[in-house]
Amino acid sequence: MEESAAEQKGRKKRIRLAKKPSKMGGESSISTRELNSSSLETMEELAAEQNKKKSLPLIPWMRDPVDISRYDSRPVGSLPFLDNRLKKALHNMGISSLFPVQVAVWQETIGPGFFERDLCINSPTGSGKTIAYALPIVQKLSTRFIKCLRALVVLPTRDLALQVKEVFDALAPAVGLSVGLAVGQSSIADEIAELIRKPTLDADIWFDSEYVPPEQRSAVDILVATPGRLMDHINNTKGFTLEHLHYLVVDETDRLLREAYQSWLPNVLKLAYSQNQNPFPCTDGIVPTFGVLKTIRSFGRGKPHPRLAKMVLSATLTQDPSKLAQLDLHYPLYLTTGQRRYQLPEQLKSFKVLCKSKLKPLYLLALLESLQGEKCIVFTSSVDSTHRLCTLLNFFDDLQIKIKEYSRLQRQSIRSKTLKAFRAGEIQVLISSDAMTRGMDVEGVKNVINYDMPPFIKTYIHRAGRTARAGQSGRCFTLLHKDEVKRFKRLLQKADNDSCPVYSVPSESVESFRSMYSTALERLKESVESEKRGKGKVKVNIKQPDVTRKVEKASLKEEESSIME
Ligand SMILES: Nc1ncnc2c1ncn2[C@@H]1O[C@H](COP(=O)(O)OP(=O)(O)OP(=O)(O)O)[C@@H](O)[C@H]1O
């Protein structure tokens, strides 16, 4: 890929900025003197400039980002250095051109950036971040000689890890790499059998210049893991080592950094860095095409061995210096889309549905009816609310749509079955809470409904982002009672979204469900009581279908607890 003189200059400037010691003022901040002497004429311009200054990230290297929106999509065939086998694999995945974030990351990892710096990627939901990191990693490892664990991808939930593994599975085997999964889906013994090769005297170890002791021989090159199961392997699995790790991806970074589960991150970094003390390190095993390793070695803070290259990603990447410091980033480069901190997908349309709290379930049913069976995800504020709402809706007779619950309280096998049916279109509506759906990618989801108003803009972004993915159009409806309207407006403004018209649900439709409402509530009450008797688990308040109370606490708590999987 040709880099223009201007791009080169920009890149060098960013490197200079990143090398500067961290301090509150950065190069790109505007001094008062500059403002006074500039040509700003009106007070409004001055205020706008000051607001801009206030919203600048604290971290200097975040103030001069690579703007992903300046990249165009690019045909796969024209991507420089891309292995032909991977071109074919992408073709088989139905991908003919790469999205802007994928082109930008390719440029910084394969060329001309050569992964000199760790990458922090903030890009909207559905913009293709998974392939953005998977493709360069697979390309980098495509010339490895022997098998050892060289890339680790950490995700907050099992379902998300399964989804990401599928992407690696579509790419990695094309170049002879294997991908493992550590999420606790199968027994630990089965997982170990998948991840660790039994020591044998393979012929190759005698000829291989990159000798790895037999007891450290991994059966996989790339591992996709959740923090909980990863720590199990780190602590207990004989032969499991991160010593040869070269690439670490922390997907959904902001969420993973909130969770210090068994100090997974410091542990991973410590174990991956330990190769620097090893006098006989396993080298990358990659032919240093394009001078990649040479660059990394000479750039690695004086470290004699290849550094651990990191990519951290989210649609709502944290800008908190103390959180990002945990990642020990190496001259980080910030890639973000446009000027705004929070960005919604371009093809997303937001609507509000005004309704009375007591009649919320009826408004929801009427809204679902008006969507005529289009695939839809409904978000509530907690797992209890999800269970209660789904049970209630299914007590309405003669519904033309199939509605299922999707929640952390369910067994994995049930969740997988539900997701499969939803993907296949056998189920039209999923009722879910925040934790399970971050990052979820289901084709054909045309609508998202916030049954409970999201407490934060980040929550709105991740919920709404289940639709309008990969450049497709989608709609996000939020049910609100009149007291919530102002707060919701302020929330959307954080994503610079001022356009959220009212969507009118036909009142006759609401009325048509009213006659069944009291019977459905009665049946819900019975069902909840019998569940309580059966399991003593579900504690819900039946009289109050509006579940907005304690929303913030509930959704945060739930997000955090699901991470333990
Ligand atoms: N180059 C491409 N061409 C066509 N489709 C693509 C391309 N890249 C990714 N996709 C598709 O776009 C969808 C979204 O991709 P992905 O899940 O990686 O998004 P994301 O940015 O990680 O979103 P989120 O932040 O919600 O996790 C997926 O269905 C994926 O298959």
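Residues numbered from 1 in each chain as written. Predicted model: local features only at pLDDT ≥ 70, side-chain atom pairs only at ≥ 80, totals over all residues. Heavy atoms only, no water.

## Quick word on the site of the ligand
And then number 1: Residues in contact with the ligand amount to 19 residues; listed here are only the nearest, Ser-97, Lys-129, Thr-130, Asp-441 and Arg-469.
And then number 2: Contact distances for the ligand include 2.5 Å between an oxygen atom and a side-chain N or O atom of Asp-441.
And then number 3: At 2.8 Å, a side-chain N or O of Arg-469 approaches an oxygen atom of the ligand.
And then number 4: For the ligand, whose unbound accessible area comes to 640 Å², protein coverage reaches 82%.
And then number 5: Broken down by secondary-structure element, the contributors of at least two residues to the shell around the ligand are strand 3 (97-98) and helix 6 (129-141).
And then number 6: Among the elements that make up the shell around the ligand, the one with the highest residue count is helix 6 (3 residues).
And then number 7: Across the shell around the ligand, the residue classes tally to 6 nonpolar, 8 polar and 5 charged. (Near = heavy atom within 4 Å. Polar contact = N/O pair within 3.5 Å; in protein donor to acceptor, adjacent residues only side chain to side chain. Areas by Shrake-Rupley, 256 points an atom, 1.4 Å probe, with all protein chains shown as cover. Helix = DSSP H or I, 4+ residues; strand = E, 2+ residues; numbered from the N terminus. Nonpolar A, V, L, I, M, F, W, Y, C, P; charged D, E, K, R; others polar.)

## A short note on the state of the cysteines
And then number 1: In the structure shown here, the tally under the stated rule is 0 disulfides.
And then number 2: Here Cys-355 is not disulfide-linked; the sulfur of Cys-500 is the nearest cysteine sulfur, at 13 Å.
And then number 3: When its relative accessible area of 7% is taken as the criterion, Cys-355 is described as buried. (Disulfide = S-S within 2.5 Å. Buried < 20%, exposed > 50% of the residue type's maximum accessible area, 1.4 Å probe, protein only.)

## Re the side chain of Asp-67
And then number 1: Mapped onto the fold, Asp-67 is located in strand 1 (residues 66-67).
And then number 2: Buried and unpaired, Asp-67 has Arg-70 as its nearest opposite-charge partner, separated by 5.3 Å.
And then number 3: A polar contact is formed between the side chain of Asp-67 and the side chain of Ser-69, at a distance of 2.6 Å.
And then number 4: Sequence-distant contacts of Asp-67, defined by excluding residues within four places in its chain, comprise Thr-336, Thr-337, Gly-338 and Gln-339. (Lys, Arg positive; Asp, Glu negative; His and termini not counted. Salt bridge = Lys/Arg side-chain N within 4 Å of Asp/Glu carboxyl O. Contact = heavy atoms within 4.5 Å.)

## Digging into the sheet that holds strand 14 (residues 429-433)
And then number 1: The strand order 11-16-15-12-14-13 describes an open sheet built from 6 strands, whose pairing is parallel. The open sheet terminates on both sides in strands that have one partner only, identified here as strand 11 (348-354) and strand 13 (403-406). Strand-to-strand twist of the sheet, defined as the mean angle between neighbouring strand axes without regard to direction, takes the value 20 degrees.
And then number 2: Sheet analysis places strand 15 (residues 447-450) next to strand 16 (residues 474-480), joined by 4 bridges and oriented parallel. Paired with Asn-450 across the bridge in strand 16 is Thr-478.
And then number 3: Each of strand 12 (376-380), strand 13 and strand 14 touches helix 16 (residues 383-394); the most contacted strand, strand 13, lies at about 165 degrees to it.
And then number 4: Where helix 19 (residues 457-464) meets the sheet, it contacts strand 11, strand 12, strand 15 and strand 16, and its direction lies at approximately 145 degrees from that of strand 15. (Pairing = 2+ DSSP bridges. Axes fitted to C-alpha atoms, helices over the stretch in contact; angles between N-to-C directions.)

As far as function goes, none of this settles anything; it's purely spatial.
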